[in-house]
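Remarks on the overall topology
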Amino acid sequence: MHSFSHTLSPPHTTVSHSTTLALINRTNLLQLHNLNHNHNHSRISIITSSNSSSNKISAIGNRVGVETEIAVVKIDKPQFEVSRGFPSPFGATAQEDGVNFAVYSLNAQSATLCLFTLSDFKNNKVTEYIALDPLLNKTGCVWHVFLKGDFKDMLYGYKFDGKFSPQQGHYYDSSRVLLDPYAKAVISRGEYGAVGLDGNCWPQMAGMVPFDHEEFDWEGDLPLKYPQKDLIIYEMHVRGFTKHESSKTEFPGTYLGVVEKLDHLKELGINCIELMPCNEFNELEYYSYNAVQGDYRVNFWGYSTINFFSPMIRYSSAGTQNCGHDGINEIKFLIKEAHKRGIEVIMDVVFNHTAEGNEKGPIISFRGVDNSVYYMVAPKGEFYNYSGCGNTFNCNHPVVRKFIVDCLRYWVTEMHVDGFRFDLASIMTRGSSLWNGVNVFGTPIEGDMLTIGTPLSSPPLIDMISNDPILCGVKLIAEAWDAGGLYQVGTFPHWGIWSEWNGKYRDTVRQFIKGTDGFAGAFAECVCGSPSLYQDITLFLAQGGRKPWNSINLVCAHDGFTLADLVTYNSKHNLPNGEDNNDGENHNNSWNCGEEGEFVSASVKKLRKRQMCNFFLSLMVSQGVPMIFMGDEYGHTKGGNNNTYCHDNYLNYFRWDKKEEFKSDFFRFCSLLIKFRQECESLGLDDFPTSERLQWHGLFPATPDWSETSRFVAFTLVDSVKGEIYIAFNTSHLPFTVTLPERPGYRWEPLIDTSKSTPYDFLTPDLPGRDIAIQQYAHFLDANMYPMLSYSSIILLRTPDVNA
């Protein structure tokens, strides 16, 4: 259960922004104001006397004929000059002579801008309240104000007043200072994992007020714009990547720490990193003592966003210094340095829910600004929970989808990111609260009987993103399912540009490689780029079919077993989470190779290494875009825990000592295989392979076995660089001697054999003893044959036969 944020109450004296007088009787002031604006010929005179302890304001209206006296007290001059402001753009926007503030709230009855100095903020005190006049400072449903003054080291938030009626979907509470949804940096706690005063896990938060400051030097940085078919994606956690002491970085667990280790990714062959959530979230959201581990649970993964514009400030070495400006610059520096090394940066974004949870969650931002707009709510105020996290972002509401597009544009134009992976993206295809044709298209749709949450064939949000002149040029990747049972792998509305995490690829490859009957044909389809999912134009006649690169191929990701654990455990071992092993996925399609756990016989260890190589090989020879998870390149283990969301420790930390230990073993194999894929023209095609390029084989040439009991798949690929490649997978427990295709004037030469020990599993041209290793198979190759051990895979290259 969430802790609620500490509320801030205004002082007994309310400070007016338009006069040096503090008005005690705010109701009478509003009457004066209405007189002035509702009666064109009324005359308002304000009379003050400096030698009276209680000044009087006399209001004389020639139509109403009344005089009202209001007691006032003398106060210091406010530090800001206030004017009406503009309704756009939303957020706090620095201009030449001041800052414009604009925020949308449909149902709020009043709004107050709250300003903090850093010192007051630390003391939980609002420095100045600026009440917004609904007649002057409101246009439509947008509250706005323009301020002139010194904004250095200033923070801001809002108070909204209105109904507190959960049954009607409203959670207005004028005692709370709320985050602006458009805030560009969020300030609260400065140090990751450090609890606030009195153990408060949800301290007051505020947004950074932008002010004139030195522009970040991008040094001419431009988008890399790699064709998506050429990507090798590496899913990474910013903190976990360098937090372990073995990283020996100057700034462990930060954006700068990642920069220090970018050369490792370059060495591996990565040209695109996918950062797990880096928007502002509260890592103390689940803070509670875990007796099993003897430490505290945290929200390590970060899939619980507080603010979508702000980067996670506690991932920066600077923390809250300079009101978050330095933190923004640090993630910009990471992106710039990644681009310098030829690495694109994709952000994992979570527009399906927020950290405010259900009705028991805290009121931080969206809920207090306008709950019924930002969240899917039922007619009696209940929260729809398609995310499995308590609430569902109301993505296809006109205001919310504008918010999402504005946010994505900001990260592309201001932060230079190259694309986005959308967590639980199927939620973005569901009908919004108050869905109807007029709401979305301006006119009713005949027969439109859609209810809240109904999947839409042409979701307005996906339409907007896909056809946005800025966003249509970046990578867009959908996790095409949600917790409400909507599964859209292969059917996600795509406009020809969206890709998908291919969960069917993951499940099929796991089943086939571990030797399950009945998956040979499905595995072959995965190798071809899953054409049944992405080539079939009958699925979307209006949009047409897609390409192999619309499939993001993965075997492992942050959620689930690591690659090493996939071959080490038959069952999840999640007891360290403190939930009695009831959390996490039960169907992992894993195989421990004969013995459970890490302490096993040498023969089992060899088989596990072979299986890891087989999985990695399948990724790199499949059409589509391969994605690997951080640490899999050296065999990181989480001890069989497939749901490490709550651990800020060794389970989730990249082990640089282990990477060095296995650098000449599995890491070598992975980096060489990635390089080989990048050298081949036929691995990573722009379209699905045809019979002119690809030919299927079995234990004998051109005789593939697609039967239910088959565990053997082989094929040749014509390649303009390598000539021709022979690739085969034997996932049976039996060895086979394979007859190779006849190629007159040529012979087949081994390159990869996962059954061999390092370094002979990958025969590079400069490998000492390479010729001897090949000569050992000369009698088989002379007969156009090759022996394959059980659970092994091979790659052979067609080379000229000098003896022909």
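Residues numbered from 1 in each chain as written. Predicted model: local features only at pLDDT ≥ 70, side-chain atom pairs only at ≥ 80, totals over all residues. Heavy atoms only, no water.

1. What to know about the overall build of the protein chain
- The secondary structure content of the protein chain amounts to 19 helices and 34 strands.
- In the protein chain, which comprises 804 residues, the proportion classed as buried is 58%.
- Considering only contacts in the protein chain between residues 6 or more positions apart, those separated by 24 or more positions represent 72%.
- Working note: accessible area of the protein chain is about 31,900 Å², and carbon and sulfur atoms make up 52% of it. (Helix = DSSP H or I, 4+ residues; strand = E, 2+ residues; numbered from the N terminus. Buried < 20%, exposed > 50% of the residue type's maximum accessible area, 1.4 Å probe, protein only. Contact = heavy atoms within 4.5 Å. Areas by Shrake-Rupley, 256 points an atom, 1.4 Å probe, with all protein chains shown as cover.)

2. With respect to the nonpolar core
- The biggest cluster of nonpolar side chains holds 200 residues, and the ones touching the most others in it are F101, Y234, F351, F393, F420, F422 and I795.
- Those residues in contact with I795 that lie beyond four places of it in its chain are L617, V621, L673, F676, I725, Y726, I727, E749, P750, L751 and I752.
- With 13 residues, the next largest nonpolar core counts A714, Y726, Y777 and M788 among its residues. (Core = buried A, V, L, I, M, F, W, Y, C linked by side-chain atoms within 4.5 Å.)

3. Concerning the packing of helix α11 (residues 503-513) against helix α12 (residues 520-527)
- Two elements in contact, α11 and α12, have axes whose closest approach is 9 Å; the angle formed by their N-to-C orientations is 130°. Classified by the angle between their axes, α11 and α12 sit oblique to one another. In terms of crossing hand, the pair formed by α11 and α12 is left-handed. Facing α11, whose interface residues are Y505, T508, V509, F512 and I513, α12 presents A520, A522, F523 and C526. (Axes fitted to C-alpha atoms, helices over the stretch in contact; angles between N-to-C directions. Parallel < 35°, antiparallel > 145°, perpendicular 65-115°, else oblique. Left-handed = near helix turned anticlockwise from the far one by under 90°.)

4. Examining the confidence of the model for the protein chain
- Looking at the protein chain, the pLDDT average stands at 89 and 87% of residues meet or exceed 70.
- Scored below 50 in pLDDT, residues 1-77 shows 121 contacts in the model against residues more than four places distant or in partner chains. (pLDDT = per-residue confidence, 0-100.)

5. Things to note about the packing of aromatic side chains
- In this structure the tally under the stated criterion is 57 aromatic pairs.
- Judged by centre distance (5.2 Å) and plane angle (65°), the ring pair of F101 and Y156 falls under edge-to-face. Taken together, the positions of F101 in strand β6 (residues 98-104) and Y156 in strand β11 (residues 154-161) put the pair 55 residues apart, joining distant regions of the chain. In this pair, the class of F101 matches that of Y156, namely buried.
- When the ring centre of W501 is taken as origin, the NZ or CZ atom of R421, which lies over that ring, is 3.9 Å away.
- The lysine or arginine in question, K659, covers the ring of F667, its NZ or CZ lying 4.8 Å from the ring centre. (Phe/Tyr/Trp six-rings, centres within 6.5 Å; stacked < 30°, edge-to-face > 60°. Lys NZ or Arg CZ within 6 Å of the ring centre and 35° of its normal.)

6. Topic: the environment of E219
- The topology assignment puts E219 in the loop between β15 (206-208) and β16 (233-236).
- Judged by relative accessible area, which is 49%, E219 ranks as partly exposed.
- Counting along the chain gives 117 residues from E219 to K336, while the straight-line C-alpha distance between them is 8.4 Å.
- Residues contacting E219, with those up to four places away along its chain left out, are K336 and K340.
- Side chain to side chain, E219 and K336 meet in a polar contact 2.7 Å long.
- Within the structure, the side chain of E219 is placed 3.1 Å from the side chain of K340, a separation counted as a polar contact. (Polar contact = N/O pair within 3.5 Å; in protein donor to acceptor, adjacent residues only side chain to side chain.)

7. Looking at the side chain of T354
- Here T354 shows up in the loop between β22 (344-349) and α7 (366-374).
- Only 2.5 Å separates the side chain of T354 from the side chain of Y375, close enough to count as a polar contact.
- Discounting residues that sit within four places of it in the chain, T354 has contacts with S304, T305, F308, F366, Y375, N391 and F393.

8. Some points on the sheet that holds strand β8 (residues 128-132)
- The sheet built from five strands is open, its strands ordered β8-β7-β11-β15-β14 with antiparallel pairing. With partners counted over all chains shown, the strands left at the sheet margins are β8 and β14 (186-187), one partner each.
- Sheet topology note: the strand β7 (residues 110-117)/β11 ladder contains eight bridges and is antiparallel. Counted as the bridge partner of F116 is L155 from β11. (Pairing = 2+ DSSP bridges.)

9. A closer look at the pattern of salt bridges
- As enumerated under the stated definition, the model contains 40 salt bridges in all.
- D507 is the salt-bridge partner of R506, the closest N and O atoms lying 2.9 Å from each other.
- Residue D771 is joined to R770 by a salt bridge in which the shortest nitrogen-to-oxygen separation is 3.8 Å.
- Residue R770 is classed as buried on the basis of its relative accessible area of 17%.
- A cluster of three or more residues bridged by salt bridges with shared partners is formed by E219, D263, K336, E337, K340 and R341. (Salt bridge = Lys/Arg side-chain N within 4 Å of Asp/Glu carboxyl O.)

10. So, the packing of helix α8 (residues 398-413) against helix α10 (residues 460-467)
- Across the interface, α8 lies against α10 with an axial gap of 10 Å and an inter-helix angle of 30°. Relative to α10, the element α8 is oriented roughly parallel. The two elements α8 and α10 cross, and the hand of that crossing is right-handed. Seen from α8, the contacting residues are R401, I404, V405 and L408; seen from α10, they are P460, L461, M464 and I465.
- Tallied by class, residues from the contact of α8 with α10 come to seven nonpolar, no polar and one charged. (Nonpolar A, V, L, I, M, F, W, Y, C, P; charged D, E, K, R; others polar.)

11. As for the sheet that holds β16
- Pairing in this closed barrel of eight strands is parallel, and the strands run β16-β17-β22-β23-β24-β25-β26-β27 around the ring. Here the strands of the sheet are splayed against their neighbours by 25° on average, with no regard to which way each runs.
- Bridge count for strand β23 (residues 419-422) against strand β24 (residues 475-478) is four bridges, and the pairing is parallel. By the bridge assignment, F422 is partnered in β24 with A478.

12. Considerations on helix α6 (residues 325-340)
- For α6, spanning 16 residues, the distance from its first C-alpha to its last is 23 Å, which sits close to the expected 22 Å at 1.5 Å a residue.
- Burial analysis of α6 places twelve of its 16 residues in the buried class, which makes it a mostly covered element.
- Residues of α6 that are buried: H325, G327, I328, E330, I331, K332, L334, I335, K336, E337, A338 and H339.
- Just downstream of α6 lies G342, where phi reads positive at about 75°. (Expected span 1.5 Å × (residues − 1).)

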